[in-house]
Amino acid sequence: MDLRVFTEPQQGATYETLLRVAKAAEDLHYGAFFRSDHYVHMGSVDGLPGPTDAWITLAGIARETSRIRLGTLMTAGTFRLPGVLAIQVAQVDQMSGGRVELGLGAGWYEAEHMAYGIPFPKEKFGRLEEQLAVVTGLWDTPVGERFTFDGTYYQLKDSPALPKPAQSKVPVLIGGHGARRTPALAARFADEFNIPFASVSDSQAQFGRVRAALREAGRETGELVYSNALVACVGRTDSEVRRRADAIGRDVDELKANGLAGSPAEVVERIAAYQAVGSQRMYLQMLDLTDLDHLDLIASEVAPQLG
């Protein structure tokens, strides 16, 4: 089981805070540092000092780290034109020496679009499909050849399809709960399928749909990595768990029901249940980015028990 750190900076974090978390995650041998892609906070927090851009942040972190993989869960397709996004991700991949992964989603939070003057189209899924085709098409075009795309939402003509990422294949993550179109999209474009904040039974059902879509598309079911994202709240004692839950404004019982909460032994058992239905990678949503001891605890007392 690959454990990765997943942050939500729109809730309130500076670049310096994110860099400290990323460096700690690297030192503690987590598999990756990922971040969300939002411009407005959610819930009762104030979001101060304000948003940071996902790919600008990852570019900076790429130059300050050397081993840990970096990515988004998920980049909002509504925020960027696909040709520009392909350039941005390729450049950050070069800056990192080939450690970038692209999670790309349709975008959903209308309030942040309104707040920053970003168009919020009604038809988002069709746009996402074309975005994935453009981004991967640009990267896959051999150097010296040209890329043209004539879609409903995006048109590219005679593109030089540059720059190229450092990796021969930047892993693409697609995720969500959709029962039909999402698995089909993953079967066409994804290297990893992620289901966020889902129960064990819902994860098992969705992984099954993705495998069926892969078979229908003529791909092997083992070609994809299957992953979950869940909030983490771990403590050696009940009081430590409660303190961490209070720090993020959550109830312990709710966290135990819907996330990865409790003692290291409880969390190992919970992760094992996801592993039993096919999950190979867990994104730990860390909401208190000042609590680096939390990362240390999971790395020292949870990760070794997972194999």
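Note that this is a predicted model, so its numbers are computed, not measured.

1. Description of the environment of Gly 60
Looking at where Gly 60 falls in the secondary structure, it is placed in helix α2 (residues 54-64). The spatial distance from the C-alpha of Gly 60 to the C-alpha of Glu 16 is 10.0 Å, given a sequence separation of 44 residues.

2. Topic: the side chain of Arg 99
Its location among the elements puts Arg 99 in the loop between α3 (82-96) and β5 (100-105). As a buried residue without a salt bridge, Arg 99 has its nearest oppositely charged side chain in Glu 26, at a separation of 4.4 Å. At 3.0 Å, the side chain of Arg 99 forms a polar contact with the backbone oxygen of Thr 65. Residues in contact with Arg 99, not counting those within four places in the same chain, are Glu 26, Ala 62, Thr 65, Ser 66, Arg 67, Ile 68, Arg 69, Leu 70, Asp 93 and Gln 167.

3. A short note on the nonpolar core
Counting 78 residues, the largest nonpolar core has Leu 3 and Phe 33 as its most contacted members. If you tally residues by element for this core, the top one is helix α5 (residues 125-140), at eight residues. In this view, Leu 3 contacts Tyr 30, Gly 31, Ala 32, Ile 271, Met 282, Leu 284, Ile 298, Val 302, Ala 303 and Leu 306; residues no more than four positions away in its chain are not counted.

4. Some points on the pairing of strand β6 (residues 147-150)
Taking every second residue as pointing to the same face, the buried face of β6 carries Phe 147 and Phe 149, while none of Thr 148 and Asp 150 on the other face is buried. As defined by bridge partners, β6 adjoins strand β7 (residues 155-159) across three bridges and the pair is classed as antiparallel. Bridge pairing in β7 places Asp 150 opposite Gln 155.

Reading guide: rules and limits
Residues numbered from 1 in each chain as written. Predicted model: local features only at pLDDT ≥ 70, side-chain atom pairs only at ≥ 80, totals over all residues. Heavy atoms only, no water. Helix = DSSP H or I, 4+ residues; strand = E, 2+ residues; numbered from the N terminus. Buried < 20%, exposed > 50% of the residue type's maximum accessible area, 1.4 Å probe, protein only. Lys, Arg positive; Asp, Glu negative; His and termini not counted. Salt bridge = Lys/Arg side-chain N within 4 Å of Asp/Glu carboxyl O. Polar contact = N/O pair within 3.5 Å; in protein donor to acceptor, adjacent residues only side chain to side chain. Contact = heavy atoms within 4.5 Å. Core = buried A, V, L, I, M, F, W, Y, C linked by side-chain atoms within 4.5 Å. Pairing = 2+ DSSP bridges.

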